[in-house]
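Examining the three-dimensional arrangement
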Amino acid sequence: MRNKQIAMRESIIRQMTILAREHGAVNLAQGFSDEDAAPELKQLAMDAIAEDCHQYTDVKGAPLLRQALAEKLRRYNGIPADPDKHIVVTCGATEGMMIAFETLLEPGDTVLTFAPMYENYVLQSVATQLNVKSIELEAPEFAFTMETLERARDAQTQAILLSNPWNPIGKVFTREELQTILDFAIKHDLFIFRDETYEYLLAPGFQHVSIGALPGAMERTVTIISAGKTYSVTGWRVAYLVAPEPFAARLNVMHDFHTVTAPHPFQIAVAHATRLPDSYYQGLRDEYWHRKQILCDALAGAGFTWYEPGGAYFLWCDYSKLSDQPDVGFARQLLLEGGVAGVPGSVFYEPGKPRYSIRFTYSKSRRTIEAAAERLAKLRMGAAPATAVS
Ligand SMILES: Cc1ncc(COP(=O)(O)O)c(C=O)c1O
């Protein structure tokens, strides 16, 4: 039998989830809620199911949703998007990123991004034969300058990609940093791919600034936003791209041949969800902040330190007071002996060097976070086990 070789591997985040299930560990690895959707979201889905929306809709997205997104983009992101010209609704941000890579870049092009970086970017670039080149930023500030970007650029560089708030560390880029990225992109005529999946998940005192809203950014920016995290409905598979008109048209053609449309009833439900009152978003932020505090108290008690996040729902932790072994072994040991699953930090870098960080999520229910806290309180790390995660 013919066997095509592809240089893809299974996501390690998913592997940690499977291992956690097998060993009864509390899963703080994968960033999604382990509670069901909020009752108001379920109601929106049930109302949508009762409507006439069970066939294909427009490839670029249900008109009702694109209209609602255009209003939301104007209101929340400061971006004047035309619902018919600039928006393409996709099956999750995962499809959105994939078709952006496939449509706008050529095999061999370089995409610059900051590391630690969301694992999918690397695997999706492998699938599309792009070269994701990471710009490693260092704790405690994860800061950069124009010079940092210039040093990383090569002759094949066609795009710069960032997630803001930044998975996996939770950094929120400042307006000045976004301006530096924009100036760099304009100077070298690059696309900016901005993944703003966590745009509503902000720590107290932080504000979300969309790079696409800065003067001069629109014409080169492709925005990728998932509804999955904002409404805790990752299974609905509704996300969207915002791009200048000629690019949006091409993205739409590629999307047609991947999935045709995201599930129509859930598109309608998300259209209504975008009009939830501010209290919904504030409630979400307050709840995650509360969970974060419970987890931070437990992590501090166990000897971890972390980057103080401005957004998303991840804690990027240093465990040097607990162990000097590299992170894959440490994460496995913590899962097997401590009963808590996190993601070894090396997952978020290009392979090569040993790393010494671990990421935990506080996207889980209070009950799950409290269970993790109880286990962390009893943590006694012994000698490392012999096997590694992957
Ligand atoms: C930064 C970022 N972008 C995109 C996604 C995936 O979004 P979706 O579930 O809509 O494909 C995730 C999921 O964890 C993420 O962290």
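Residues numbered from 1 in each chain as written. Predicted model: local features only at pLDDT ≥ 70, side-chain atom pairs only at ≥ 80, totals over all residues.

**Things to note about the nonpolar core**
Counted only if it meets this: Think of a nonpolar core as buried Ala, Val, Leu, Ile, Met, Phe, Trp, Tyr and Cys residues, each tied to the set through C-beta atoms within 7 Å. The burial criterion counts other C-beta atoms lying within 10 Å of a residue's C-beta, which is placed from the backbone; the residue is buried at 20 or more, exposed at 12 or fewer, and partly exposed between these limits. Residue ranges assigned to each domain were obtained from an automatic or database domain assignment. Here contacts are defined at the residue level, using C-beta atoms placed from the backbone and a cut-off of 7 Å between them.
Ile160 and Ile192 are the most contacted members of the largest nonpolar core, which has 123 residues in total. Residue-level mapping places this core at the junction of two domains, with at least three residues from each of domain 1 (12-30 + 279-377) and domain 2 (52-273). With near-sequence residues (within four places) excluded, Ile160 lies in contact with Leu112, Ile181, Phe184, Ala185, Leu190 and Ile192.

**Things to note about the environment of Tyr121**
Applicable threshold: Put simply, DSSP marks the helices as runs of H or I at least four residues long and the strands as runs of E at least two long, and each gets a number from the N terminus on.
Examined against the element boundaries, Tyr121 turns out to sit in helix H5 (residues 119-127). Taking C-alpha positions, Tyr121 is 15 Å from Thr103, a pair spaced 18 residues apart along the chain. Those residues in contact with Tyr121 that lie beyond four places of it in its chain are Thr113, Val132 and Leu161.

**Re the sheet that holds strand E13 (residues 357-361)**
Pairing between sheet strands relies on hydrogen bonds along the backbone, with the strands arranged either parallel or antiparallel. The following threshold applies: At least two DSSP bridges between two strands are needed for those strands to be called paired.
Ordered by their spatial adjacency, 4 strands build an open sheet running E9-E10-E13-E12, and the pairing between neighbours is antiparallel. The two strands at the open ends of the sheet, each matched to only one other strand, are strand E9 (305-306) and strand E12 (343-344). With 5 bridges joining them, strand E10 (residues 314-318) and E13 adopt antiparallel strand pairing. The partner of Trp316 across the bridge, within E13, is Arg359.

**A look at the domain arrangement of the chain**
This is how the line gets drawn: For this classification, Asp, Glu, Lys and Arg are treated as charged, while Ala, Val, Leu, Ile, Met, Phe, Trp, Tyr, Cys and Pro are nonpolar and the rest, including Gly, are polar.
As assigned here, the chain comprises domain 1 (12-30 + 279-377) and domain 2 (52-273). For domain 1 and domain 2, the distance between their C-alpha centres works out to 25 Å. At the junction of the two partners, domain 1 supplies 21 residues and domain 2 supplies 22 residues. Looking at the side of domain 1 that touches domain 2, the elements with two or more residues in it are helix H1 (12-23), helix H10 (278-302) and E10. Here the side of domain 1 that touches domain 2 gets 5 residues from one element, more than from any other, and that element is H10. Class assignment for the residues of the side of domain 1 that touches domain 2 results in 15 nonpolar, 3 polar and 3 charged.

**Quick notes on the sheet that holds strand E4 (residues 131-136)**
Cut-off, in case you're wondering: Axis definition: a line fit to C-alpha positions, over the contact stretch in the case of helices; interaxial angles, taken between N-to-C directions, run 0 to 180 degrees.
Spatially, the 7 strands line up as an open sheet ordered E2-E8-E7-E6-E5-E3-E4, and their pairing is mixed. Edge positions in the open sheet fall to strand E2 (87-90) and E4, since each of these has one partner strand only. With direction set aside, neighbouring strand axes in the sheet form an average angle of 20°. Where strand E3 (residues 110-115) and E4 come together, 6 bridges link them in parallel fashion. Within the sheet, the bridge partner assigned to Phe114 lies in E4 and is Ile135. On the sheet, H5 packs against E3, E4 and strand E5 (157-163) and is oriented at approximately 150° with respect to E4. Along the sheet, helix H7 (residues 175-187) makes contact with E5 and strand E6 (191-195), crossing E5 at roughly 165°.

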